[in-house]
2 protein chains.
Amino acid sequence: MSERSHIIVVEDEPVTRMTLTSYFEAQGYRTSEAEDSSGLDDILQSDPADLLIVDINLSGKDGLEITRELRAVSEVGIILVSARSDDVDRIVGLELGADDYVVKPFNKRELLARVKNLLRRTRAARQLTRSVRSFDGFQLDLSSRWLTSRDGKLVPLTRAEFELLAILTTHPGQVLTRERLMQGVTHRSDGGNERTVDVLVRRLRAKLERDPRSPQIISTAHGEGYIFTAALE
Amino acid sequence: MSERSHIIVVEDEPVTRMTLTSYFEAQGYRTSEAEDSSGLDDILQSDPADLLIVDINLSGKDGLEITRELRAVSEVGIILVSARSDDVDRIVGLELGADDYVVKPFNKRELLARVKNLLRRTRAARQLTRSVRSFDGFQLDLSSRWLTSRDGKLVPLTRAEFELLAILTTHPGQVLTRERLMQGVTHRSDGGNERTVDVLVRRLRAKLERDPRSPQIISTAHGEGYIFTAALE
DNA sequence: ACGGATTTGTTAAAAGTTGTTAACAAAATG
DNA sequence: CATTTTGTTAACAACTTTTAACAAATCCGT
C-alpha cells in the first residue's frame with residue numbers, strides 16, 4: 001500500500017529514456033521502460049503504473065493516441081513530452097486528458113516536481129475510487145478490504161489473506177513466485193520462509209474454493225509458484 | 001455534486017483578470033476575482049474555491065507565498081500564471097505544490113484544458129476538505145466536532161476519539177501506523193505507549209460499529225496499524 | 001482550590017493472527 | 001517403478017491485537 005510509485009517511461013530514443021529512468025530510480029521511484037505503445041501494453045498487463053511519461057513522437061501509435069486510449073479506461077497520470085513546442089499538439093494532448101505537457105529540453109527538477117504533484121493528486125483520486133474485482137461469484141473490494149461471497153455474505157479475511165488475494169487478482173493467469181507473493185504480503189524485503197506462502201494459500205483456498213482439494217481459483221504451478229485461474233469479470 | 005466549480009482568479013491587472021473570469025463564466029464555471037492575497041482570503045472565508053488561478057507578481061504577498069500558505073492547509077488546485085518564463089520561479093512554484101505554471105501570453109483553450117484536468121483530479125480531494133464527512137449513516141462535523149448517528153442521534157465523542165476519527169477519515173483506505181495515529185491524537189512528538197491507540201480504537205469502535213467484534217468501519221491491519229474502511233459518501 | 005466525574009493512559013491476561021516445522025502426499029525424473 | 005523433488009497439511013510457536021480493570025490526569029462546578 002505504501003509501496004514505491006511505479007512510473008513507466010515511453011520514449012523511442014534510448015539515451016533520453018535511460019536518463020529519465022535512472023533519474024527517477026535515484027529519486028526513489030520504481031520505473032519501467034517501453035519504446036513504443038505495444039511495449040507499454042506489455043508492461044501495463046503485468047504491472048499497472050501510477051504515472052506515465054510519454055514521448056509524443058513515437059513510431060506506431062503516437063503519444064496522443066496512447067493518451068486517448070488509456071484515458072478512456074484509466075485514471076493513470078499522464079505527462080506528455082515533446083521535442084518541439086507545438087501549440088496544437090499541446091492543446092490536443094491536454095484535451096485528450098493528459099495531465100501535463102513538457103517540452104524538451106526540460107529541467108529534470110521541474111519534471112520531478114510535476115511528477116510529485118501529479119502523484120499526490122492521483123493517489124487521492126485512487127483512494128475514493130472504490131475498485132471491486134469480481135470472480136466466480138465473489139466480490140473483492142480493494143479499498144474496504146471486504147470479500148463478499150456467492151450468497152452475498154461477508155467473508156472475513158485476515159490482513160495477510162487479503163493482501164495475498166489482492167496480488168493474485170492483480171496478475172490473473174500469471175505465475176507468481178513465492179518470493180514475489182511473500183514480498184507483497186509482508187511488505188518487508190527480507191525473504192522469510194517460503195513455506196509460509198503455501199500455508200497462506202491453503203487458508204485462502206479454504207475460504208474461496210468450492211472443493212479445496214481440487215482448487216479452481218488459486219492453482220499451483222508446480223516448481224514455480226501459484227496462479228490466479230478464475231475469470232475476472 | 002453537479003454544482004458549478006468555483007474558480008478564483010487572483011491577478012492585479014484588471015483587464016487580464018476580467019478576461020479570465022468572463023471566459024470561465026462563459027465556460028460554465030462560477031468565478032470570483034481578487035487583486036491580492038487579502039482579497040483572496042476574504043473570498044475563501046465565505047466561499048471555498050475548487051481551483052485558484054494566481055498571478056505570481058502581486059503587490060503584497062506574491063503568488064509563491066500564497067501557494068506556500070494555502071498548500072499547507074488545503075488541497076485546492078493552484079495554477080500559477082506569470083508574465084515571464086523564469087525557470088527558478090517555475091520550479092519553486094511547482095515545488096511549493098502548485099499544480100501548474102502557465103506563462104503569459106497563454107492560449108485560453110489550453111488553460112481551459114488544464115483547468116478541466118485539474119478539477120477532475122481534485123474532485124476526490126475536495127470531498128475530504130468538506131467540513132462534514134458521511135459514512136455508513138454517520139455524519140462527522142469537523143468544525144462543531146459532533147458525530148451524528150444513523151438514527152439522527154448525537155454520539156458524544158471525547159476529544160481523543162474525535163481526533164482519531166478525523167485522522168482516519170482523512171486517509172480512507174490507507175493503513176495508518178499507531179505512531180502516526182498517536183501523533184495526530186496527542187499532538188506530542190514523543191512516542192508514548194502504542195497500546196494506547198488500540199484502546200482508543202476499541203472505544204471508538206464501541207460507538208461506531210454495528211458489531212464491534214467484527215469491525216467494518218475501522219479495520220485492523222495486523223502488524224501495521226489501522227485502516228478506515230467504510231465508504232465516504 | 002476542592003472533590004467528584006470524566007477522560008486518558010497503562011498493564012496484563014485472553015484471543016486472534018501469522019510464521020515455522022515436520023510428517024505425509026503428489027508430481028516429476030530417470 | 002524407485003527416487004527425488006516439491007506441495008499440502010496439521011500442530012504448534014511466536015507474535016500482535018483485543019479486552020477489561022485500574023491508575024493517572026484533566027475537567028468542571030462550586
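These numbers come from a predicted model, not from an experiment.

### Re the UniProt feature "modified residue: 4-aspartylphosphate" (unreviewed entry) in chain A
Residues and elements named next belong to chain A.
Alright, step 1. Cross-referencing UniProt, the feature "modified residue: 4-aspartylphosphate" (unreviewed entry) maps to Asp55 in the present numbering.
Alright, step 2. Looking at where Asp55 falls in the secondary structure, it is placed in strand S3 (residues 51-55).
Alright, step 3. Given a relative accessible area of 5%, Asp55 falls into the buried group.
Alright, step 4. Dropping the residues within four chain positions of it, Asp55 is found in contact with Val10, Glu11, Gly63, Val81 and Lys104.

### Considering the environment of Glu163(A)
Residues and elements named next belong to chain A.
Alright, step 1. The topology assignment puts Glu163 in helix H6 (residues 159-170).
Alright, step 2. What makes Glu163 buried here is its relative accessible area of 7%.
Alright, step 3. Spatially, the C-alpha atom of Glu163 lies 9.4 Å from that of Leu142, the residues being 21 residues apart in sequence.

### Quick look at the protein's contact with DNA strand C
Alright, step 1. Near DNA strand C you find 22 residues, and of these Thr158(A), Asn193(A), Arg203(A), Thr158(B) and Arg203(B) are the closest.
Alright, step 2. Protein-adjacent atoms of DNA strand C, using a 4 Å cutoff, are sugar or phosphate at a proportion of 60%.
Alright, step 3. Ala160(A) has a polar backbone atom sitting 3.1 Å from a phosphate oxygen of DNA strand C.
Alright, step 4. Contact between DNA strand C and Arg203(A): a base oxygen at 2.5 Å from a side-chain N or O atom of the residue.
Alright, step 5. Of all the secondary structure elements, the ones that give two or more residues to the surface near DNA strand C are H6 and helix H8 (195-208) of chain A together with helix H6 (159-170) and helix H8 (195-208) of chain B.
Alright, step 6. For the surface near DNA strand C, the residue count by class is four nonpolar, 10 polar and eight charged.

### Here we look at the protein's contact with DNA strand D
Alright, step 1. Close to DNA strand D lie 23 residues, the nearest being Arg178(A), Tyr226(A), Arg178(B), Thr220(B) and Tyr226(B).
Alright, step 2. One of the side-chain nitrogen or oxygen atoms of Tyr226(A) is found 2.6 Å away from a phosphate oxygen of DNA strand D.
Alright, step 3. Of all elements in the fold, only H8 and strand S10 (218-221) of chain A together with H8 and strand S10 (218-221) of chain B reach the threshold of two or more residues within the surface near DNA strand D.
Alright, step 4. Residues that form the surface near DNA strand D fall into these classes: six nonpolar, six polar and 11 charged.

### Digging into helix H4 (residues 87-95) of chain A
Alright, step 1. Among the residues of H4(A), those classed as buried are Asp89(A), Arg90(A), Ile91(A), Gly93(A) and Leu94(A).
Alright, step 2. Buried positions along H4(A) lie against helix H3 (63-73), strand S4 (77-82) and strand S5 (100-103) of chain A together with helix H5 (108-129) of chain B.
Alright, step 3. Near the N-terminus of H4(A), the side chain that reaches the backbone nitrogen of Val88(A), with its oxygen 2.7 Å away, is that of Asp86(A).
Alright, step 4. Just past H4(A), the residue Gly97(A) takes up positive phi, approximately 110°.

### Thoughts on the interface of chain A and chain B
Alright, step 1. Counting residues at the interface gives 38 residues for chain A, matched by 42 residues for chain B.
Alright, step 2. Between chain A and chain B, roughly 3,300 Å² of surface is buried when both sides are summed, and carbon and sulfur atoms account for 47% of that area.
Alright, step 3. At the boundary of chain A with chain B, the tally comes to 13 salt bridges.
Alright, step 4. Across the salt bridge formed by Arg90(A) and Glu110(B), the nearest N and O atoms sit 2.9 Å from each other.
Alright, step 5. At the junction of chain A with chain B, the criterion picks out 22 residue pairs in polar contact (both at pLDDT 80 or more).
Alright, step 6. Of all elements in the fold, only H4, S5, helix H5 (108-128) and H6 of chain A reach the threshold of two or more residues within the side of chain A that touches chain B.

Parameters at a glance
- Residues numbered from 1 in each chain as written.
- Chains lettered and ligands numbered in written order.
- Predicted model: local features only at pLDDT ≥ 70, side-chain atom pairs only at ≥ 80, totals over all residues.
- Heavy atoms only, no water.
- UniProt positions renumbered as here; feature names shortened; annotations may be inferred.
- Helix = DSSP H or I, 4+ residues; strand = E, 2+ residues; numbered from the N terminus.
- Buried < 20%, exposed > 50% of the residue type's maximum accessible area, 1.4 Å probe, protein only.
- Contact = heavy atoms within 4.5 Å.
- Near = heavy atom within 4 Å.
- Polar contact = N/O pair within 3.5 Å; in protein donor to acceptor, adjacent residues only side chain to side chain.
- Nonpolar A, V, L, I, M, F, W, Y, C, P; charged D, E, K, R; others polar.
- Buried area = accessible area lost by both parts, 1.4 Å probe.
- Salt bridge = Lys/Arg side-chain N within 4 Å of Asp/Glu carboxyl O.

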